[in-house]
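Commentary on secondary and tertiary structure
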Protein chains: 2
Amino acid sequence: MSTATVTGMRGPLAGIRVLDTTGVVVGPVATLILAEQGADVIKIEPPEGDLMRRLGGRPRKPGMSPKFLHFNRNKRSIALDLKSAEGREVMQRLVATADVFVSNMRPRALQSLGLTFAAMAAVNPRIVHCTISGFALGGPYAGAPAYDTIIQGLSGVAACHAEVLGEPRFAPFVLTDHLVGIVAAQAICAALLGRERTGVGEAIEVPMFENAAAFVLSEHLDQRTFEPDGHMGDPRIMTPDARPLQTSDGYICVSANTDVQARAFFDAIGRPELKNDPRFTSVTARLAHVRDYFAVRAEAMLTRTTAEWVEILRRHDVPAMPYHTLQTLLDDPQLRGSGVLTEEIQKNDDDQEETMLGLRHPNRYSNTGVPESRLAPRFGEHGDAILAELGFGPEDRRRLSGRAADAAE
Amino acid sequence: MSTATVTGMRGPLAGIRVLDTTGVVVGPVATLILAEQGADVIKIEPPEGDLMRRLGGRPRKPGMSPKFLHFNRNKRSIALDLKSAEGREVMQRLVATADVFVSNMRPRALQSLGLTFAAMAAVNPRIVHCTISGFALGGPYAGAPAYDTIIQGLSGVAACHAEVLGEPRFAPFVLTDHLVGIVAAQAICAALLGRERTGVGEAIEVPMFENAAAFVLSEHLDQRTFEPDGHMGDPRIMTPDARPLQTSDGYICVSANTDVQARAFFDAIGRPELKNDPRFTSVTARLAHVRDYFAVRAEAMLTRTTAEWVEILRRHDVPAMPYHTLQTLLDDPQLRGSGVLTEEIQKNDDDQEETMLGLRHPNRYSNTGVPESRLAPRFGEHGDAILAELGFGPEDRRRLSGRAADAAE
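Only a predicted model underlies this, so the values are computations on that prediction, with no experimental measurement involved.

1. What about the overall build of chain A?
Check the secondary structure of chain A and you find 19 helices and 14 strands. Residues counted as buried form 60% of the 409 residues belonging to chain A. Split by element, the accessible area of chain A, about 14900 Å² in all, is 52% carbon and sulfur. Averaging the coordinates of the 44 positive side-chain charges in chain A and doing the same for the 51 negative ones gives two points 2 Å apart.

2. Topic: the pairing of strand β6 (residues 203-207) of chain A
All names here are of chain A. Buried residues dominate β6, accounting for four of its five residues. Inspection of the sheet shows strand β5 (residues 128-133) paired to β6 by five bridges, in the parallel sense. Note that in β6 the partner of cysteine 130 across the bridge is isoleucine 204.

3. Some points on the interface of chain A and chain B
Listed per partner, the contact involves 151 residues of chain A and 150 residues of chain B. Summed over both partners, the interface of chain A with chain B buries about 13200 Å², with 65% contributed by carbon and sulfur atoms. The largest per-residue losses of area from chain A upon contact with chain B belong to Arg197, Leu326 and Gln334 of chain A, which jointly make up 7% of the total buried on that side. The interface formed by chain A and chain B includes six salt bridges.

4. A closer look at the domain arrangement of chain A
Along its sequence, chain A is organised into domain 1 (17-216 + 336-408) and domain 2 (245-322). One C-alpha centre belongs to domain 1 of chain A, the other to domain 2 of chain A; they are set 44 Å apart.

5. Considering the packing of aromatic side chains
Within a pair of aromatic rings, the relevant descriptors are the distance that separates the centres and the angle that separates the planes. In the structure shown here, the tally under the stated rule is 20 aromatic pairs over all chains. Aromatic side chains tyrosine 251 of chain A and tyrosine 323 of chain A sit 5.5 Å apart centroid to centroid with 70 degrees between the ring planes, which places their arrangement in the edge-to-face category. Highlighted residues: tyrosine 251 of chain A in strand β8 (residues 251-254) and tyrosine 323 of chain A in the loop between β9 (320-322) and α16 (326-329), separated in sequence by 72 residues. Classification of tyrosine 251 of chain A by relative accessible area gives partly exposed; the value is 23%. If you follow arginine 286 of chain B out to its NZ or CZ, it ends over the ring of tyrosine 293 of chain B, 5.8 Å from the centre.

6. A look at the relation of the copies chain A and chain B
In screw terms, the move from chain A to chain B is a rotation of 180 degrees and a rise of 0.0 Å along the axis, fitting with an RMSD of 0.0 Å. In the structure described here, the two chain copies are related by an operation that fits a two-fold rotation axis. Among all residues of chain A, the one whose C-alpha sits closest to the rotation axis is glutamine 186 of chain A, at a distance of 2.1 Å. A shared interface surface links the copies, since 99% of the contact residues of chain A are contact residues in chain B too.

7. Quick word on the nonpolar core
Here is a general trend for soluble globular proteins: nonpolar side chains tend to be buried in one another's company. One finds Leu34, Phe173 and Leu217 of chain A together with Leu34, Phe173 and Leu217 of chain B to be the most contacted residues of the largest nonpolar core, which totals 164 residues. Setting aside chain neighbours within four positions, we find phenylalanine 173 of chain B in contact with Val157, Cys160, His161, Leu175, Phe215, Val216, Glu219, His220 and Ile237 of chain A together with Asp148 and Gln152 of chain B.

8. Brief notes about the sheet that holds strand β2 (residues 40-45) of chain B
Read from one edge of the open sheet, seven strands run β14(A)-β6(B)-β5(B)-β4(B)-β1(B)-β2(B)-β3(B), paired in mixed fashion. Whereas interior strands pair on both sides, the edge strands pair on one side only; in this sheet they are β14 (364-365) of chain A together with β3 (75-79) of chain B. Direction of pairing for strand β1 (residues 17-20) of chain B relative to strand β4 (residues 100-103) of chain B: parallel, over a ladder of three bridges. From the neighbouring strand, aspartate 20 of chain B faces β4 of chain B, where its bridge partner is valine 102 of chain B. Most of the contacts of helix α4 (residues 85-97) of chain B go to β1 of chain B, to which it runs at about 145 degrees, and overall it touches β1, β2, β3 and β4 of chain B. Sheet strands touched by helix α9 (residues 175-198) of chain B: β14 of chain A together with β4, β5 (128-133) and β6 (203-207) of chain B. Its angle to β6 of chain B, the strand with the most contacts, is close to 160 degrees.

9. As for the packing of helix α7 (residues 148-155) of chain B against α9 of chain B
Residue and element names in this part refer to chain B. Packing of α7 against α9 leaves a shortest axis separation of 7 Å and a crossing angle of 90 degrees. Accordingly, the angle class assigned to the pair α7 and α9 is roughly perpendicular. Here Asp148, Ile151 and Gln152 of α7 lie close against α9, whose contacting residues are Leu175, Thr176 and Asp177. Its residues placed into classes, the contact of α7 with α9 shows two nonpolar, two polar and two charged.

10. A look at the sheet that holds strand β8 (residues 251-254) of chain B
All names here are of chain B. Sheet architecture is open: three strands sit in the order β7-β8-β9, paired in antiparallel fashion. Strands at the two margins of the open sheet, each flanked by one partner only, are β7 (245-246) and β9 (320-322). Of the pairings in the sheet, the one linking β7 to β8 comprises two bridges and is antiparallel in character. Each bridged residue has a counterpart across the sheet, and for glutamine 246 the counterpart in β8 is tyrosine 251. Where helix α15 (residues 306-315) meets the sheet, its contacts fall on β8 and β9, and the angle it forms with β9 comes to roughly 160 degrees.

11. A few points about the state of the cysteines
With the rule as written, the count across this model stands at zero disulfides over all chains. Looking at the unpaired cysteine 160 of chain A, the closest cysteine sulfur is the one in cysteine 253 of chain B, lying at 13 Å. No disulfide involves cysteine 189 of chain A; its sulfur sits 6.3 Å from that of cysteine 189 of chain B, the nearest cysteine. By relative accessible area, which is 0% here, cysteine 189 of chain A ends up buried.

12. Thoughts on the side chain of glutamate 381 of chain B
All names here are of chain B. Here glutamate 381 shows up in the loop between β14 (364-365) and α18 (383-389). Put simply, glutamate 381 is tucked away with no salt bridge, and the nearest opposite charge, on arginine 378, sits 4.3 Å away. At 2.8 Å, the side chain of glutamate 381 and the backbone nitrogen of arginine 378 are in polar contact.

13. A look at the confidence of the model for chain A
Caution applies to low-pLDDT parts of the model: their predicted coordinates are not meant to be read in detail. All names here are of chain A. Scored by pLDDT, chain A has a mean of 93; 94% of the residues are at 70 or more. Within the model, pLDDT remains below 50 along residues 1-7, and this stretch shows 17 contacts once partners closer than five positions in the same chain are excluded. Counting interchain partners and residues more than four positions distant, the pLDDT-below-50 stretch residues 404-409 has six contacts.

14. Section: helix α1 (residues 26-36) of chain A
The element α1 of chain A is extensively covered by neighbouring structure, given that 11 of its 11 residues are classed as buried. Directly beyond the C-terminal end of α1 of chain A, a positive phi value near 105 degrees is found at glycine 38 of chain A.

15. Digging into the packing of α9 of chain B against helix α10 (residues 208-220) of chain B
Residues and elements named next belong to chain B. Running from amino to carboxyl end, α9 crosses α10 at an angle of 100 degrees, the nearest separation of the two axes being 10 Å. Between α9 and α10, the interaxial angle falls into the category roughly perpendicular. Residues Thr176, Asp177, Leu179, Val180 and Val183 of α9 pack against Met208, Asn211, Ala212 and Phe215 of α10. Residues belonging to the contact of α9 with α10 are distributed by class as follows: six nonpolar, two polar and one charged.

16. What about the pairing of β4 of chain B?
All names here are of chain B. Neither face of β4 is exposed, since Val100 and Val102 on one face and Phe101 and Ser103 on the opposite face are all buried. One ladder, built from four bridges, connects β4 with β5; its direction is parallel. Considered in β5, the bridge of valine 102 is made with cysteine 130.

17. Examining α15 of chain B
Those residues of α15 of chain B that sit buried are Thr306, Trp309, Val310, Ile312 and Leu313 of chain B. Of the surrounding secondary structure, the elements contacted by the buried residues of α15 of chain B are β8, α12 (259-268), α14 (290-301) and β9 of chain B.

18. Quick look at the pattern of salt bridges
Residues and elements named next belong to chain B. For the structure shown, the criterion picks out 48 salt bridges over all chains. Across the salt bridge formed by aspartate 234 and arginine 236, the nearest N and O atoms sit 3.9 Å from each other. Summarising the burial analysis for this pair, aspartate 234 and arginine 236 share the class buried. In this structure, arginine 397 engages aspartate 384 in a salt bridge whose closest nitrogen and oxygen atoms are separated by 3.2 Å. Remark: aspartate 384 occurs in helix α18 and arginine 397 occurs in helix α19 (residues 394-408); sequence separation between them is 13 residues.

Thresholds, definitions, all that
- Residues numbered from 1 in each chain as written.
- Chains lettered and ligands numbered in written order.
- Predicted model: local features only at pLDDT ≥ 70, side-chain atom pairs only at ≥ 80, totals over all residues.
- Heavy atoms only, no water.
- Helix = DSSP H or I, 4+ residues; strand = E, 2+ residues; numbered from the N terminus.
- Buried < 20%, exposed > 50% of the residue type's maximum accessible area, 1.4 Å probe, protein only.
- Areas by Shrake-Rupley, 256 points an atom, 1.4 Å probe, with all protein chains shown as cover.
- Lys, Arg positive; Asp, Glu negative; His and termini not counted.
- Charge placed at Lys NZ, Arg CZ, Asp CG, Glu CD.
- Pairing = 2+ DSSP bridges.
- Contact = heavy atoms within 4.5 Å.
- Buried area = accessible area lost by both parts, 1.4 Å probe.
- Salt bridge = Lys/Arg side-chain N within 4 Å of Asp/Glu carboxyl O.
- Domains from an automatic or database assignment.
- Phe/Tyr/Trp six-rings, centres within 6.5 Å; stacked < 30°, edge-to-face > 60°.
- Lys NZ or Arg CZ within 6 Å of the ring centre and 35° of its normal.
- Least-squares fit on C-alpha atoms with pLDDT ≥ 70 in both.
- Core = buried A, V, L, I, M, F, W, Y, C linked by side-chain atoms within 4.5 Å.
- Axes fitted to C-alpha atoms, helices over the stretch in contact; angles between N-to-C directions.
- Parallel < 35°, antiparallel > 145°, perpendicular 65-115°, else oblique.
- Nonpolar A, V, L, I, M, F, W, Y, C, P; charged D, E, K, R; others polar.
- Disulfide = S-S within 2.5 Å.
- Polar contact = N/O pair within 3.5 Å; in protein donor to acceptor, adjacent residues only side chain to side chain.
- pLDDT = per-residue confidence, 0-100.

Take a look at the structure:
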C-alpha cells in the first residue's frame, strides 16, 4: 500500500484485496469485518454455493438466508470450482492481485488444490495466507472436523454453563465460530502490518479450539493459576445469582462492584445500615459473601418497576440498565440512533433491491470512515466483472463464466 | 513503520507502541492481543493501580490477581497521575513517541486531561486514538456507565439465554467485555493499516453495546429480517435440546447438520431406517423437526461410553468430541501440546519469578512469530526505564518516579 493522497470515507482497509474461500460462519465473520472496513472481499464460492445460503434460516429469495445476508454484506461473489482447470486458472490470477487469502481447508486439501502458502508466495510474496483451523497443526486433533458445538463442548464453554446451571449447556450463539472469526480478522490485520515492516507476507494459523480454550481459561483459571488444587471459576460469575434481577414489572441489570457503588446501592434501596455490615464493607468481603450480597440486591429490586429503579439508581450513580428481550432490543433508541440496526432498502450491484432489517459496522473511524453498505451478493454475482478486471477477454469470460453459470443452477 | 531488514520472531506488531490507560477487562484484552503480537504496550496506571490487580481473584503476591496476570502479560507498567502536572509532562512526551492511544474515558474526561484526539494529533498526527465506550456518541445513552453484565442484559445476550432456559441469565463469562476487547484490537490494527495509506492517524470509537447487539442480532434476527412479525432466534440453537449429550459415563458433543453427516449418524447408531424418515431427509426437514431429531440423538448416546461413541462416530465420519469439564480441559493433549497452556516459570524484567499456570497467544505467524512471553508487570515496574527512554535525565526521573513511588504505596 503506498501513501496515496486520496482518502475519502472508504474505510481503513480500502485498497486491500481479500480472497475468501470459506463458508458458513467463522470465515465469513472474519471477512465481513474486513469488507465493512473497506477491503475488497472476493467470496470464492464452490459450485454448490456457500452452505449458509441454505442453512442460515428460511430465505425469502433462493440462496439468500437471513444469516447469509447478515454475514456477507459488502462482499463480491464469484463461483469457482477450484478442482477444475478453469477454476485454477482464475485462482492463479486472483492470487497475483491479492493481499490476503483466507480458508478453512486442511493442509492436504490446500496441497492438492495448489493453494499452500509456499505455492502462493512463489507468485505473490506479499500475500498473507490465513488458515482458520479447528485445532492447531502438530497436535493430536489436527485435521479433525470442528464445528461450533464441538468446540464449545471441548473448550470449556459448555463446562462454564455446567458450573452455573448444574449441567453442560451450549451458549445460545455459535459462540466459538463467531468469536474466532473476529480473532482471525484481527490476526490478518496484524500480519498485514507486519508486512509493512518486513516487506513480505506470511502464513498464519488461527485454531478455533485453542482460541476458545484461552478465552475461557483466562477468565476462569482463578486459583488454579497458582495451586494444583486451586479452585477454578470466577465465583462472582459462577453463582446462579448472577443474573438480571426481577423487578415488579420485568428485569433490570445492576452492577455495583466497587466500594463506592456498593455503598451508593445500599443508600438507593433504603438500607444504609448495610454500609457498615462487615460482610459488605470491601471487595474482598463482598466476594466472600457473594450469595448474601446478591440476595440483598434481588430482594430489593422486587419492590418497584424497572423504570423506577433505573431512575433511582441513576440518581445514586449506581450503574443500571433495563433488560431487553430480543423484541424490545429492536426498539432501543440507542441502537436505532446509532445506525447499527437499519431498515433501509439495500441494493446489490445490479440494483436488485431488498427491503430488510439489517446491521451495520458498529465502530467509527474519524478519517477513513466506512464504505456504503452493500447487500450480500447473489451466488456468482460479480463473476464476470472480476474476470474482466483480471484481464480475461470476452471469449475467456464466456468460457469461464459459462462454467460458473452451470454450477449456479 | 519503515521497511526494516531485521525481522526475527518478534511478532507482527514489533515496532508499534501503544499507550494504554484502560483497566479491568475490555481495554486490557485489546492491548493483551497487541502485546502478544509484539507491540510495546505501555500500561499507564493511575496512582491506585489497575482495579483488576485486586478485583481479579485472590492474588498470591499483592496486586497480582489471577485475572490481572492473564490479561496483562507482555505489557510494561508506569504509574502516572494524569491529573498532575508531572503526569501530563510525561504523557506529552509519550504521545510524541506512540502509534496508538487506548482509553475508555468519556469525552469530558479526555478533554479535561488534554487527551483528545485533536490535542494528540497536534503533537503526533500519526496517532491512532481509540476510545472504547459503553454506548456510541450521539445516542441517548452516550456517557452512561457500562459494565459487562449491564451490556449483556441490554444487548440481548441475557435474552438469548431466556429463549433457551425460560428466564434471563448472563453468559458465564464477562462475554461482552472480552468480545469487544478483541473487536477493539482488530479496529486498531485496521486503523494502523489505513494510516499506511493516508499518512495520518485517526480517532476510532468502539462502543460495547452496539458491538454486542450486532453480535446477537446477526445470528438471531432470523425471519424478523424480512417480516415485522417474523420469528427471531435460530431454532437449532434456541431449543433446550441443543446441548452436550449424556453418554453412559459422561457427555459427548456431536455435530451432524449436513445430509451426509445425518445419514452417517443414523448408520452409526444402528438405525439406518431413519435415513428414509421424511422428518430427517433434508436440512429443511430436520430443521422443521429439530426436537425429534435431537431426541433421537440424545436417546442413542445413552447406550455407550463417551470413548466408545467418539470412536464409532469417527469411523462413520460424523464429527464428535468428548465434553470437557474445566478440570479435564487442563489435561487435554491438544491444548497442552499446542503450548497455549503452560506451566513454565515466568519472569518479569527485574527477574522476579512466578511459577504459574499461564496462557499464550493461540495464533501462529510463520515469518514474524510471537515474542517471548513475559509476566504481567508489577505496578509501575517499568516507570524508570520508560522515563529514561523518553530522555528524562536522572534528576527529572527522581522527581517523576518519586511521585509514582508515593502513589504505589
